[in-house]
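# What the coordinates show
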Amino acid sequence: MSQVPPTQDRPACLSTDEQGIARACGLLEQGELVALPTETVYGLGADARNDQACAKIFEAKGRPTFNPLIVHVADLAQVAQIADVTDTARILADRFWPGPLTLVLRLRPDHGLSPLVSAGLPTVAIRIPNHPVAQNILRRFGGPIAAPSANRSGRLSPTSAEHVARSLGNRIAAIVDGGPCPVGLESSIVDASQKPAKLLREGGIAREEISALTGALVSDLTPGRVAAPGQMSSHYAPNAPLRINQDLSDPTRLRIAFGPMGDADFTLSEKGDLREAAAALFSILHHADAELALRGKTGIDVAPVPQKGLGLAINDRLMRAAAPRD
C-alpha cells in the first residue's frame, strides 16, 4: 500500500514506490509540506520557489524566520542554476556529493528561490542528498526543495517517520516513510563562497576530511550567530533536562553511555564507534525522552564522547541540546 490516509492527529504516510513518490511530488507542486527521508535526518520539504509553501515550513516548525533553510537539489547542474559554484565548492562537491555536506554559496541574481529560504542573506545553503528516495523525489519534482529537519524548531531531529509524526502531527500533509536514516546526524555545513572556507556546522563528515581538501579551514561555530542552519544556541533539545560529560553515577537520571553499557540505561555505541554513535544519537535521545517519566527519572545524563572525528559533531549537538532554553 502506497498511502496510509491522514487522521486528525497524523499526516498521510506514503510508501517509497512509484505511486507514493508521485503523490509526494503532487503535494509539493500544490504548495504542501511533505517530510522525506535523507541519509542524515528526515527533511520537511517544500517547493523552495514558492513563498507560501516556504512560509508553511516556518509555521509548522515554529522556526524563527531569521534562520535560513537548506535547499536540496538533484545534481550539480541544478546547484549552478541557483548559486555561484566556486573552485572550493567544486573540489568539495567532487568528493562529498551526493552526501551529508551542505555548501553555503552566493546566490545568482536569477536564482528564483523564495527570499524566505535565505533569510535575507546573499547566500544560500544547498546540498545534494545521497538517499535513493530523496533523489527520486528531487528528480521527479524537477526543482529545488527547501527541507530543514522535520521537527518542531529546537527539538530533537527526526531519524524515522514516527519521529516526524510525533513532532509535527497534522501540521504537514504527508510523510514519505523511507525507514531509519543511515547517517543519523545532520550535514556538515561549509561556507565555500570565499576563501578561506569556513566550517559553520559540524556534521556527518569529519572536519579533517574536509580540511584535507580545502587546506586551512576557519571554524565559525559561534552559538547564536545564525549564518547557517543549526547555529541557534539551544537546538536539537529533548523535552527533559540534559547534562553532558557526566560520570553516570546519579541513579535519579537516565544514563547514556559511550562504550560498554555498564550501569547505564542506553549506550550510543557498545563498541565505542563514533560513526555508530552518530547514527544512534537522536534515536536514543528520542527513546530516553519517552522513557523518562515511565522510569521516574529527573533528567538525562550523557557520558563524555571523544572530541575527534564525528565526535566533534556529536558533542556539538549535545552541547546545544543541553543549553539553557529560551
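Residues numbered from 1 in each chain as written. Predicted model: local features only at pLDDT ≥ 70, side-chain atom pairs only at ≥ 80, totals over all residues. Heavy atoms only, no water.

## Describing the packing of helix H9 (residues 274-291) against helix H10 (residues 311-322)
- One way to put it is that H9 packs onto H10 with a least axis distance of 9 Å and a crossing angle of 20°. With respect to H10, the element H9 is oriented roughly parallel. Both H9 and H10 take part in a crossing whose hand is left-handed. Contacts between H9 and H10 involve Leu274, Ala277, Ala278, Leu281, Phe282 and Leu285 from the former and Gly311, Ile314, Arg317 and Leu318 from the latter.
- Split by residue class, the contact of H9 with H10 holds 8 nonpolar, 1 polar and 1 charged. (Axes fitted to C-alpha atoms, helices over the stretch in contact; angles between N-to-C directions. Helix = DSSP H or I, 4+ residues; strand = E, 2+ residues; numbered from the N terminus. Parallel < 35°, antiparallel > 145°, perpendicular 65-115°, else oblique. Left-handed = near helix turned anticlockwise from the far one by under 90°. Contact = heavy atoms within 4.5 Å. Nonpolar A, V, L, I, M, F, W, Y, C, P; charged D, E, K, R; others polar.)

## A short note on the pattern of salt bridges
- Scanning the entire structure with this criterion turns up 17 salt bridges.
- Across the salt bridge formed by Glu39 and Arg127, the nearest N and O atoms sit 2.8 Å from each other. Of this pair, Glu39 sits in the loop between strand S3 (34-36) and strand S4 (43-47) while Arg127 sits in strand S7 (residues 123-127); the two residues are 88 residues apart in sequence, bridging distant segments of the chain.
- As a salt-bridge pair, Arg295 and Glu291 come within 3.0 Å of each other at their nearest N and O atoms.
- By relative accessible area, which is 34% here, Arg295 ends up partly exposed.
- Members of the salt-bridge network, linked through shared partners, are Glu186, Asp316, Arg317 and Arg320. (Salt bridge = Lys/Arg side-chain N within 4 Å of Asp/Glu carboxyl O. Buried < 20%, exposed > 50% of the residue type's maximum accessible area, 1.4 Å probe, protein only.)

## Comments concerning the layout of surface pockets
- Of the voids in this model, the largest pocket is the one considered here, and its volume is about 230 Å³.
- Of the residues belonging to the lining of the largest pocket, the class tally is 4 nonpolar, 5 polar and 3 charged. (1 Å grid on protein atoms, 1.4 Å probe; cavity = no way out; pocket = protein on both sides within 12 Å on 5 of 7 lines; lining within 4 Å. Points joined across faces, edges and corners; volume = space filled by probe spheres on them.)

## As for the environment of Gly184
- Inspection of the secondary structure puts Gly184 in the loop between strand S9 (174-176) and strand S10 (188-191).
- Gly184 sits in the buried class, given a relative accessible area of 0%.

## Observations regarding helix H2 (residues 51-61)
- When we look at burial in H2, the residues that qualify are Ala53, Cys54, Ile57, Phe58, Ala60 and Lys61.
- Of the surrounding elements, those touching the buried residues of H2 are S4, helix H5 (115-118), strand S8 (145-146) and helix H7 (161-168).
- Here H2 starts with a cap whose side-chain oxygen sits 3.0 Å from the backbone nitrogen of Gln52, and that cap is Asn50. (Polar contact = N/O pair within 3.5 Å; in protein donor to acceptor, adjacent residues only side chain to side chain.)

## Here's the deal with the nonpolar core
- Leu101, Leu103, Ile172, Val190 and Ile210 are the most contacted members of the largest nonpolar core, which totals 48 residues.
- Of all the elements in the fold, those that place two or more residues in this core are S4, H2, helix H3 (76-82), helix H4 (87-96), strand S6 (101-106), S7 and H7.
- At 5 residues, H2 tops the list of elements feeding residues into this core.
- The contacts of Leu103, once residues within four sequence positions are left out, are Ala89, Leu92, Trp97, Val124, Ala125, Ile126, Val190 and Ala192.
- If you look at the next biggest cluster of nonpolar residues, it comprises 27 residues, including Leu242, Ile256, Phe266 and Leu310. (Core = buried A, V, L, I, M, F, W, Y, C linked by side-chain atoms within 4.5 Å.)

Function cannot be read off these values alone, since they describe shape.
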